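# Reading the structure
If you want the building blocks of each chain, they are given just below.
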Amino acid sequence: MKFTSAISAAALAAAFAVPAFSPAFAEVESQDPIRLTTHDWTGQIVNTTILGEILKKAGYNVELVQADYIAQFAGLKTGDLHIATEIWETTGREAMDEATATGDVVNMGEGGMQAIEEWWYPTYMEERCPGLPNWEALNDCAAEFATSETAPMGRYLGGPVTWGGFDEERVEALGLDFEVVHAGTDAALFAELESAYQRQAPILLWIYSPHWSTVKYDGSFVEFPPHTPECYDDPSWGVNPDAAYDCAKPTGPIWKVAWAGVEEKWPGAAEILRNYTLTNDEMGALVVAVDIEDQSIEDVANTWMEQNAAKVDGWIN
Amino acid sequence: MNWRRLIAPRALFWWGLLAVTWGLSSTSFQLYKAFDARWIIRFPKAWELPLETWISDAMRWLLEDATFGLFTFRELTRFISAIIEVPYDVARAALADGFVQGQGSNAVEIAPSLSWIAVIVIMVVLGRVARDWGLALLVGVCFLYLAIFGQWGSAMVTLASVVIAVPIGVAGGLALGILSFRMPWVERALRPVLDLMQTVPVFAYLVPILFLFGFGPVAALVATVIYAMPPMVRVSTVALQTVPPEVVEAGQMAGCTKRQMMWKVLVPSAAPTLMVGVNQVIMLTLNMVIIASMIGAGGLGFDVLSALRRLDIGGGIEAGLAIVVMAIALDRVSQAFSTRLPAEVKGRDLSYVQRHPWFATVFAVVVLTYIAGLFVPTVQDYPDAATLTTSAFWEDAMRYVNVTFFDTFEAIKDVFLTYLLLPVKRFFTGIPWAWGIIAAGLAAARVGGWKLGVMAALMTAFIAANGLWNKAMITVYLCGVSVLIAYAIGVPLGIWAGQNARAHRWVGAFIDTLQTLPSFVYLIPVVMLFRVGDFSAMIAVVLYALAPAVRYAAHGMRAIEPEMIEAGLVSGCTRRQLLWRVKLPLAAPSLLLGLNQTIMLALSMLVITALVGTRDLGQEVYIALTKANTGQGIVAGLSVAFIAIIADRIVSAMARHSKESLGLA
């Protein structure tokens, strides 16, 4: 029966079909749709939607395709997918390098935002642990952060193991009285934060920015000794002469990448992609509008397009 | 329960096995230190099979080099996905997006999608045709819920993929079922394949599917079909085998050819049983909605995921309930079709409309709403202004529970952790791998004969040889504890429901909801209340795996012949004796089947709980998914499947024994 309904609907559609004429909207190299990938976090979807709007404004056809952050590289290599707007230095570097090495994927430059990843605590913890944000204060209040499973050690909630981050090594190198517990996904990570925040309970966890959580919740990043590449490579560097990783996590740009064929097939679009950037502040405002003020992604993208019309026209020409 | 059996000589074997295992488990670390033999607790790296790399290489070869001469393997899979994409696009256009011509900004809408009124009318008519107005009302209310709670657009995207995945799954399943019915060797060859299809976690093969079928909804459809088809194969084989011989003989006497025999005799008379398979395919397809949305299917699954990523718990619950509601509607309609009596054939002298009144009604409504929709937008799309949301309510409820009861929950959790979870975990993770292989073999051989023993030992060895011993033991521990608790809650509930018709209805509704509600919806609140860790994972698994324990216990109770109970009453049993001495022993085979299914569901859920943060095989599969590592995913997935298969065979053998001893077999 469902078949029948689908078929009769199709027949209906055919019966009502108007002879279609579709004049080319603007002079672009190819009318084939450019496929942009969207992942499962709001910031990236807004970012991609805006880029899609810009490309549409320039006359290109655009399709947004949902794809996994890392698995998408397989599609980018074969040309199934064309553009990815956010490859984070901090989490995607390895996969990106592997893909660009094949020559089928091209790095299209920095996207303008800087990724920050670090240990984070809510502001109300400053009363209970006065030395914060300095990392040396952490050991004095490990008991504050302890739970029955980790006591007497404090509990630090790390990101999914796939994010890397060397937190176990950091705890070891800096002699922190903390146990690293890994959340399975970032949904679980922020669920714990929300729960603790509601109860004003102690929590110390991995947070990354740009993200809505740094806007929604009041808090700060722990200040570790500043990161340098030597710190990760050379044990003798830093507070602990015998161990690497005795410093903060690296920060880094968020990259744009594209299928190598984009350059030939849609040279204009490739040019626009190279020009296109968003700053951390812009992204923060966009994400808050969507996730906290409950506006739709399309509305937010359109508002941004109106406000930045001049900049966008500059990128297109 | 007869306690003397626990000290009978037969039981000594089990006590001995347990004692040795416990002894080795608690001393393995000291043994390793004493003999400086690290191989006792860790499988030697040098002996590990490089299976992961082999599979990944094979995959790369398949993707890049494999060719049939005229076309490559990938062109073949891409061709298949292009074929699937055509009907999917039509279904999606009809239900959700509308028909358009041209691409992107040049797109011109030719015809809108079916209006919400038309879809509801179609579903109501389906309900009426399948059974009666009562069912039609239920289905109508279910779909009205989707419109009123603002889930319509996403729900139709999901429905579009159901409308495509189910026929493919059913047709494929029926075809394989017919093959196995005709050729016994096909059945033998298929059985292990089906076992694997049902037990290898979906996450394990998502990556290769993405590579082969491209990114987007089609890959999600393919994964859904793989997951949902096995029951259809099994059901159709059994359905064809159990067609009464009289029917077959009648067909032979009428001079049927082989083809006529199949399509005019066997399949029609097996139709009611086949519909049970169709029902299973529909339910499993809806189970896949969330996972499918992770690889681009969109729809309700995506809404659940994105709501929970924003911690919009209310939004997640609403979208999750929309899936439940849709599942209930489709389940009831397909069940009604399976018990429906063939309709009488109307006279040929009547007009087309008179002969097909329902189809004519649907057609009229579709046309009318199409025309009306052109002028009145609310006919085409349910007005946004009239939608309801309960989001704020859930938000507040969650906050209240969290703030008020967190400390109580924490205390309960500590008790469970200290006295149950941690000791069991220590026991399982302490078992040296070499003894683990032997113990699995011995236990399986004792229950199911030496063949089963060898198989279990080989499968356990496979897990160890791939360096997954420790993660496998954590899997066994988490799964074991969860099954224990699910069983301890589920069986009494089932017994109660089996003896009391009213309880049966309520418990049934509760269980249906638990099973179709995407686990994601309660995963995040559970994490909020119990933090990241094994305990949260355990709660999620228990909630999901409860259903079969309840169902089979209730079924076992209801299937007891009344004469047996009367005999018990006549011999003067008290209520308590009646339950323990008569009913429970008679329901034992059914209870064991329930145990089997509880284990299967618990294992399949463990992969989902990796999203909370566990360190088991589920996590291994999930890591492989996020790193797009085909080999790692498949090896870990096979390990999960092997644990499931060993458990399944052992419990099935126990069920067989208990049936034999009751004289039921």
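### Here's the deal with the overall build of chain B
Across its full length, chain B carries 29 helices and two strands. When the backbone C-alpha atoms are referred to their principal axes, chain B occupies close to 85 × 65 × 65 Å. With 665 residues in all, chain B has 48% of them scored as buried.

### Overview of the packing of helix H15 (residues 313-339) of chain B against helix H24 (residues 519-530) of chain B
All names here are of chain B. Where H15 contacts H24, the two axes come as close as 9 Å, and the packing angle between them is 155°. When the interaxial angle is binned, H15 and H24 end up roughly antiparallel. For the pair H15 and H24, the sense of crossing is left-handed. Note on element contacts: H24 touches H15 through Val-521, Ile-524 and Pro-525, opposite Ile-313, Gly-316, Ile-317 and Gly-320. Classifying every residue of the contact of H15 with H24 by side-chain character gives five nonpolar, two polar and no charged.

### Examining the confidence of the model for chain A
Chain-level statistics for chain A give a pLDDT mean of 84 and a share of 91% at 70 or above. Confidence drops under pLDDT 50 across residues 1-26 of chain A; counting only partners more than four residues distant or on other chains, this segment forms 39 contacts.

### Observations concerning the environment of Trp-315 of chain A
All names here are of chain A. Following the sequence through the fold, Trp-315 ends up in helix H14 (residues 309-316). In sequence terms Trp-315 and Leu-273 are 42 residues apart; their C-alpha atoms lie 8.6 Å from each other. For Trp-315, the residues in contact, after removing those within four places along its chain, are Ile-54, Ile-272, Asn-275 and Tyr-276.

### Comments concerning the interface of chain B and chain A
Contact residues are listed per partner, giving 59 residues for chain B and 54 residues for chain A. Sort the elements by how many residues they give to the side of chain B that touches chain A and helix H19 (residues 391-430) of chain B lands first, with six residues. Split by residue class, the side of chain B that touches chain A holds 37 nonpolar, 16 polar and six charged.

### Quick look at the packing of helix H8 (residues 202-213) of chain B against helix H28 (residues 617-626) of chain B
Residues and elements named next belong to chain B. Across the interface, H8 lies against H28 with an axial gap of 8 Å and an inter-helix angle of 15°. In terms of orientation, H8 and H28 fall into the roughly parallel class. Crossing hand, H8 versus H28: left-handed. Residues Phe-203, Ala-204, Leu-206 and Val-207 of H8 pack against Val-621, Tyr-622 and Leu-625 of H28.

### Things to note about the environment of Thr-626 of chain B
Residues and elements named next belong to chain B. Within the secondary structure, Thr-626 is located in helix H28. Classification of Thr-626 as buried rests on a count of 21 C-beta atoms within 10 Å. Along the primary structure Thr-626 and Ala-94 are separated by 532 residues, whereas in three dimensions their C-alpha atoms are 34 Å apart.

So, how was this worked out
Counting of residues starts from 1 at the beginning of each chain's written sequence and follows it residue by residue. Whichever chain is written first is A, and whichever ligand is written first is 1; the rest continue in order. Where totals are concerned, whole chains, interfaces and linings use all residues; where local detail is concerned, this predicted model gives features only for residues with pLDDT of at least 70, and gives and counts side-chain atom pairs only at 80 or more. In DSSP terms, a helix is any run of H or I states spanning at least four residues, a strand is any run of E spanning at least two, and both are numbered starting from the N terminus. Around each residue's C-beta, the other C-beta atoms within 10 Å are counted; 20 or more make the residue buried, 12 or fewer make it exposed, and counts in between make it partly exposed. All C-beta atoms are placed from the backbone. Comment: axis = line fitted to C-alpha atoms, over the contacting stretch for helices; angle = value between 0 and 180 degrees taken between N-to-C directions. Between 65 and 115 degrees an angle is taken as roughly perpendicular, under 35 as roughly parallel, over 145 as roughly antiparallel, and anywhere else as oblique. By convention, the crossing between two helices is left-handed when the near helix turns anticlockwise from the far helix through less than a right angle, and right-handed when the turn is clockwise. Whether two residues are in contact depends on their C-beta atoms, placed from the backbone: they are in contact if these lie within 7 Å. Residues were grouped as follows: Ala, Val, Leu, Ile, Met, Phe, Trp, Tyr, Cys and Pro as nonpolar; Asp, Glu, Lys and Arg as charged; and all remaining residues, including Gly, as polar. The predictor reports its confidence for every residue as pLDDT, a score running from 0 up to 100.

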